There are 2 protein chains.
Amino acid sequence: MTFDAIDKKLLALLQADSKQTNKQLSLKLNLSVTAVYERIKKLENNGVISKYVALVKKDKVEKDFVAFCHIKLIQHSQAYVVKFEKEVANLEEVLECYHISGDYDYLLKVIVEDMEAFREFMVNKLTSINHIGSTHSMFVINEVKHTTAITV
Amino acid sequence: MTFDAIDKKLLALLQADSKQTNKQLSLKLNLSVTAVYERIKKLENNGVISKYVALVKKDKVEKDFVAFCHIKLIQHSQAYVVKFEKEVANLEEVLECYHISGDYDYLLKVIVEDMEAFREFMVNKLTSINHIGSTHSMFVINEVKHTTAITV
DNA sequence: AGTGAAAGTCAACTGTA
DNA sequence: TACAGTTGACTTTCACT
């Protein structure tokens, strides 16, 4: 689907705060409540908006340690790759996993309680997955920016 | 604050779908509607839930090209660092920016339309920020996992 | 901390232009 | 595609356990 200026602004508003009422949105967009309602439904039905979620503050739930892990596989046969991706996706500590270009095969974003928990995660969970050749971890010293909002 | 088993389950449910009504949640948690309401308010007031947002599907808005950029600064005086972090945070293409340990200083997650848009971003926006020493980009071939939900 | 019921507000669906 | 009005469902508050 295509987006006019109002759609784009609406998406920005909903990505910033999805708990706004249609009336609040209608005032910001200079539209009627029904028009806002119909535009939102259209965005939902077309799969542009995939879901609505609550965002949790890491430091409030003692999961303040973030690391990025590069991973190289030993070999890259279809079966190995599929199995690795499935097992990694099942790890709750892994929030993101990307197959990337470059020296390593994968980049993982891992979130745990502290360095000790990270060590445990590496030893007991990640490297217990077979076919991993080598890993290289980078620790987050400071989160400069983190948003889920895509500018349309 | 501390979380009992019900809080943890409630956080998981809200991180999966924040549009559920308190009635639906009350059934899943075997609680009254009011009890659910009060637990949610407590999580919000304590800052555990920072906000509610709509998640947008990248491929539906032609922002399907994701890259990770390593960045090294020329020098690391306080003034340079602050200025760099501020300017990077203002770039809409940069969804995430972390100060990290290792060979490079920063890791950025960048989302744009395509390779050409990425080239433009690098030339016109990113490297036009002063003090950048070197960069190293990795392109996402496939997104294996991506979740915003933290397991409490 | 929990509950049930009352009061106010909203989403969702009509009709109509 | 936009609007206004109606209805049932929801959030929020309150008195009480």
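None of the values given here were measured: they were computed from a predicted structure.

About the cut-offs
Residues numbered from 1 in each chain as written. Chains lettered and ligands numbered in written order. Predicted model: local features only at pLDDT ≥ 70, side-chain atom pairs only at ≥ 80, totals over all residues. Heavy atoms only, no water. Helix = DSSP H or I, 4+ residues; strand = E, 2+ residues; numbered from the N terminus. Rg over C-alpha atoms; globule rule 2.2 N^0.38 Å. Buried < 20%, exposed > 50% of the residue type's maximum accessible area, 1.4 Å probe, protein only. Contact = heavy atoms within 4.5 Å. Buried area = accessible area lost by both parts, 1.4 Å probe. Salt bridge = Lys/Arg side-chain N within 4 Å of Asp/Glu carboxyl O. Nonpolar A, V, L, I, M, F, W, Y, C, P; charged D, E, K, R; others polar. Pairing = 2+ DSSP bridges. Least-squares fit on C-alpha atoms with pLDDT ≥ 70 in both. UniProt positions renumbered as here; feature names shortened; annotations may be inferred. Domains from an automatic or database assignment. Axes fitted to C-alpha atoms, helices over the stretch in contact; angles between N-to-C directions. Near = heavy atom within 4 Å. Polar contact = N/O pair within 3.5 Å; in protein donor to acceptor, adjacent residues only side chain to side chain. Parallel < 35°, antiparallel > 145°, perpendicular 65-115°, else oblique.

## Structural notes on the overall build of chain A
Inference 1: A tally of regular secondary structure across chain A gives five helices and five strands.
Inference 2: Walking chain A from its N terminus toward its C terminus, one meets helices and strands in the order α-α-α-β-β-α-β-β-α-β.
Inference 3: What you see for chain A is a C-alpha radius of gyration of 20 Å, clearly larger than the 15 Å of a compact globule of 152 residues, by over 25%.
Inference 4: Taken across its 152 residues, chain A has 43% of its residues classed as buried.

## Digging into the interface of chain A and chain B
Inference 1: In this assembly, 57 residues from chain A lie in contact with 57 residues from chain B.
Inference 2: When chain A packs against chain B, the two sides together hide about 5,800 Å² of surface, and 60% of this comes from carbon and sulfur.
Inference 3: Across the contact surface, chain A and chain B share two salt bridges.
Inference 4: For the side of chain A that touches chain B, the leading source of residues is strand 5 (residues 132–146) of chain A, giving nine residues.
Inference 5: Here the side of chain A that touches chain B is built from residues that sort into 31 nonpolar, 13 polar and 13 charged.
Inference 6: As paired strands, strand 3 (residues 94–100) of chain A and strand 5 (residues 132–146) of chain B are joined by five bridges and run antiparallel to one another. Bridge assignment links Glu96(A) to a residue of strand 5 of chain B, and that residue is His146(B).

## Notes on the relation of the copies chain A and chain B
Inference 1: For the pair chain A and chain B, the relating rotation is 180 degrees, the translation along its axis is 0.0 Å, and the fit reaches an RMSD of 0.0 Å. The symmetry that links the two subunits is that of a two-fold axis. Considering only C-alpha atoms, the residue of chain A closest to the rotation axis is Val53(A), which sits at 2.9 Å.
Inference 2: A high fraction, 100%, of the interface residues of chain A reappear at the interface in chain B, so the copies pair face to face through one surface.

## A short note on the UniProt feature "domain: HTH asnC-type" (unreviewed entry) in chain A
Inference 1: Taking the numbering used here, the UniProt-annotated feature "domain: HTH asnC-type" (unreviewed entry) corresponds to residues 3–66 of chain A.
Inference 2: Along residues 3–66 of chain A, the helical share is 52% and the strand share 16%, with 36 Å between the first and last C-alpha atoms.

## Some details on the domain arrangement of chain A
Inference 1: Partitioning chain A into structural domains gives domain 1 (5–45) and domain 2 (58–139).
Inference 2: When each unit is reduced to the centre of its C-alpha atoms, the spacing between domain 1 of chain A and domain 2 of chain A is 38 Å.

## Here's the deal with the sheet that holds strand 4 (residues 106–112) of chain B
Inference 1: Within the closed barrel, the eight strands sit side by side as 2(A)-4(A)-3(A)-5(B)-2(B)-4(B)-3(B)-5(A). Their pairing is antiparallel. Adjacent strand axes in the sheet meet at a mean angle of 35 degrees, parallel and antiparallel pairs treated alike.
Inference 2: Bridge count between strand 2 (residues 65–73) of chain A and strand 4 (residues 106–112) of chain A: seven bridges; the pairing is antiparallel. Within strand 4 of chain A, the position partnered with Ala67(A) by the bridge is Val110(A).

## Let's talk about the protein's contact with DNA strand C
Inference 1: In the neighbourhood of DNA strand C, the contacting residues comprise Thr21(A), Asn22(A), Thr34(A), Tyr37(A), Lys41(A), Leu31(B), Ser32(B), Thr34(B), Ala35(B), Glu38(B), Arg39(B) and Lys42(B).
Inference 2: Here DNA strand C approaches the protein such that, of its atoms within 4 Å, sugar and phosphate make up 67%.
Inference 3: Tyr37(A) is positioned with one of its side-chain polar atoms (N or O) 2.9 Å from a phosphate oxygen of DNA strand C.
Inference 4: Those elements that provide at least two residues to the surface near DNA strand C are helix 3 (33–45) of chain A together with helix 3 (33–45) of chain B.
Inference 5: Ranked by residues supplied to the surface near DNA strand C, first place goes to helix 3 of chain B with five residues.
Inference 6: Class assignment of the residues belonging to the surface near DNA strand C gives a composition of three nonpolar, five polar and four charged.

## Describing the packing of helix 2 (residues 22–29) of chain B against helix 3 of chain B
Residue and element names in this part refer to chain B.
Inference 1: The N-to-C vectors of helix 2 and helix 3 enclose an angle of 100 degrees; their axes lie 8 Å apart at closest approach. The angle between helix 2 and helix 3 places the two elements in the roughly perpendicular class. Residues Asn22, Lys23, Leu25, Ser26 and Leu29 of helix 2 form the contact with helix 3, whose own contacting residues are Val33, Val36, Tyr37 and Ile40.
Inference 2: Residue classes in the contact of helix 2 with helix 3 are distributed as six nonpolar, two polar and one charged.

## Looking at the protein's contact with DNA strand D
Inference 1: In the region of DNA strand D, the neighbouring residues are Leu31(A), Ser32(A), Thr34(A), Ala35(A), Glu38(A), Arg39(A), Thr21(B), Asn22(B), Lys23(B), Thr34(B), Tyr37(B) and Lys41(B).
Inference 2: Taking the atoms of DNA strand D that fall within 4 Å of the protein, sugar and phosphate contribute 71% of them.
Inference 3: In the environment of DNA strand D, a phosphate oxygen lies 2.3 Å from a nitrogen or oxygen atom belonging to the side chain of Ser32(A).
Inference 4: Between Arg39(A) and DNA strand D, the recorded distance is 2.8 Å, taken from a side-chain N or O atom to a phosphate oxygen.
Inference 5: Breaking the surface near DNA strand D down by element, the ones donating at least two residues are helix 3 of chain A together with helix 2 and helix 3 of chain B.
Inference 6: Sorting elements by how many residues they give to the surface near DNA strand D places helix 3 of chain A first, with four residues.

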